[in-house]
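# Working through the structure, step by step
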Amino acid sequence: PVYVSPDSAPPPFLHLAHDRLTQGMLLQTPSTPPPSQAAGREIARAVIEDALAANQGYLDEVQSSMVLSAYGIQTAESAISHDADETVACARQLGYPVSLRLSSPDVGKRFSVGSISFDLGSDDAVRTAAESYISRFRERYPDEELPGLVVQRMIRRNDPLVLMAGIAHHAAFGRVIRFGAGGIRRNIHGGPTIALPPLNMSLADELIGRSGVADPIANAETQGMSKTALNWLLVQLSELSLDLPEIEQLEINPLLLDDQGIIALDARIGIESW
C-alpha cells in the first residue's frame with residue numbers, strides 16, 4: 001500500500017490487525033464440557049419447564065439459584081417466604097445473620113417497598129423487617145398478591161470486586177454474553193462489554209480484557225484473587241445460553257470476586273417458551 005503521508009497509514013494498518021485478531025477468535029472452539037454438565041442441563045431444564053407450566057415470565061430467586069448451581073456457579077443460600085412466621089423459620093434454617101427483600105423481577109417495585117435489609121441477626125429483627133415489607137407492599141399495591149420475600153444468608157467478603165455478568169439479545173448479533181462492573185457502578189466505564197457465544201477460556205479472557213473493569217481485575221490478581229474462576233463462570237454462562245434457549249435474559253448482579261473465589265448474590269432470569 002502507498003499513502004500520501006505517514007499520518008494516513010495507521011488507521012488501515014489497525015483495521016488489518018483487528019481483522020487478523022477477529023479471524024483468530026472465530027477459529028477458537030469451546031473446550032469439551034465435563035460429564036457432569038449433562039446432568040446439570042437436565043436439572044436446569046426441569047426448573048425452567050416447571051416455571052413455564054406455571055406461566056412465569058421470570059424465575060424467582062430460588063429457581064434462579066437452582067439453574068446457576070446446576071452449571072456449577074456458586075450462589076448464596078436463599079429461600080422464599082410469604083408471611084412473618086415463615087420468614088423467621090427460613091432465617092433459622094439458613095442461619096443468622098440474613099438479609100431480606102421483596103421477591104420481584106421489577107427492581108422499581110422492590111425499591112418502592114423498601115431496599116434490602118442487611119445483617120438481621122435475630123428472630124425479632126427478621127419478624128419486624130418482614131412485617132414492614134408486607135405492610136408497605138399491601139399499602140402501595142392493594143390489588144396485587146404478595147410475590148414473597150427473599151431471605152438470604154449473609155455473605156461476608158473482605159473488599160471484593162463487584163461485577164455483573166449475563167445473557168442478552170443484541171439487535172445485530174442475537175444472543176450475547178455481557179460482562180462489566182456491577183452494583184451501583186454498573187453503567188460506569190461505558191457499561192457492559194459483549195461477546196458472542198460459544199466461549200472458551202481464551203475468549204472469556206479476551207472479553208474481560210476489553211471490559212471497563214480489566215484494570216481492577218488485573219490488580220486483584222496481584223492481591224491473590226484468581227481470574228480463572230471468572231473466566232470459567234463466563235464459559236459456563238455461554239454453555240447455559242446455548243443449552244437453554246428458553247432463557248431470554250439473565251443478569252447476575254452483584255457478582256462478587258475475591259480471594260475466596262466468585263459468588264452470585266442476585267440473578268434475574270427471564271424465560272419464554274421456545
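Before going into details, it helps to say that this report is about the structure given with it.

How each quantity is defined
- Residues numbered from 1 in each chain as written.
- Predicted model: local features only at pLDDT ≥ 70, side-chain atom pairs only at ≥ 80, totals over all residues.
- Heavy atoms only, no water.
- Helix = DSSP H or I, 4+ residues; strand = E, 2+ residues; numbered from the N terminus.
- Buried < 20%, exposed > 50% of the residue type's maximum accessible area, 1.4 Å probe, protein only.
- Contact = heavy atoms within 4.5 Å.
- Areas by Shrake-Rupley, 256 points an atom, 1.4 Å probe, with all protein chains shown as cover.
- Pairing = 2+ DSSP bridges.
- Axes fitted to C-alpha atoms, helices over the stretch in contact; angles between N-to-C directions.

## Brief notes about the overall build of the protein chain
Regarding its fold elements, the protein chain presents nine helices and ten strands. Each of the three principal axes of the protein chain carries a C-alpha extent, and together these read 75 × 40 × 35 Å. Counting all 274 residues of the protein chain, 45% fall into the buried class. Long-range pairs, those at least 24 residues apart, make up 64% of the contacts in the protein chain with a sequence separation of at least 6. Accessible surface for the protein chain amounts to roughly 14,500 Å². Of this, 54% is attributable to carbon and sulfur atoms.

## Re the pairing of strand β1 (residues 78-81)
Of the two faces of β1, the one lined by S78 and I80 and the one lined by A79 and S81 are each fully buried. Pairing analysis gives four bridges linking β1 to strand β4 (residues 149-153), with the strands arranged antiparallel. If you follow A79 over to β4, its bridge partner there is V151.

## Some points on the sheet that holds β4
Strand order across the open sheet formed by four strands is β1-β4-β2-β3, with antiparallel pairing between neighbours. Strands at the two margins of the open sheet, each flanked by one partner only, are β1 and β3 (117-120). The mean inter-strand angle of the sheet, taken between neighbouring strand axes irrespective of direction, is 25 degrees. Across five bridges, the pairing between strand β2 (residues 98-102) and β4 is antiparallel. Along β4, the bridge assignment pairs R101 with V150. Across the sheet, helix α4 (residues 84-94) is in contact with β1, β2 and β4; its angle to β1 comes to roughly 165 degrees. Sheet contacts for helix α6 (residues 123-140): β2, β3 and β4; angle to β2, the most-contacted strand, approximately 10 degrees.

## Some details on unusual backbone geometry
Cis peptide bonds are those with omega within 30 degrees of zero, and the linkage from Y96 to P97 qualifies with -5 degrees. In this fold, P97 is placed in the loop between α4 and β2. In this structure, P198 follows P197 across a cis peptide bond, with omega equal to 5 degrees. Following the sequence through the fold, P198 ends up in the loop between β7 (193-195) and α7 (201-210). Positive phi, normally seen in glycine, also occurs at N55, with a value near 60 degrees. With respect to the helices and strands, N55 occurs in the loop between α2 (36-53) and α3 (61-70). According to the relative accessible area criterion, N55 is exposed, its value standing at 72%. In this model, D119 sits at a positive phi of 55 degrees, which is unusual for a non-glycine residue. With respect to the helices and strands, the residue D119 is situated in strand β3.

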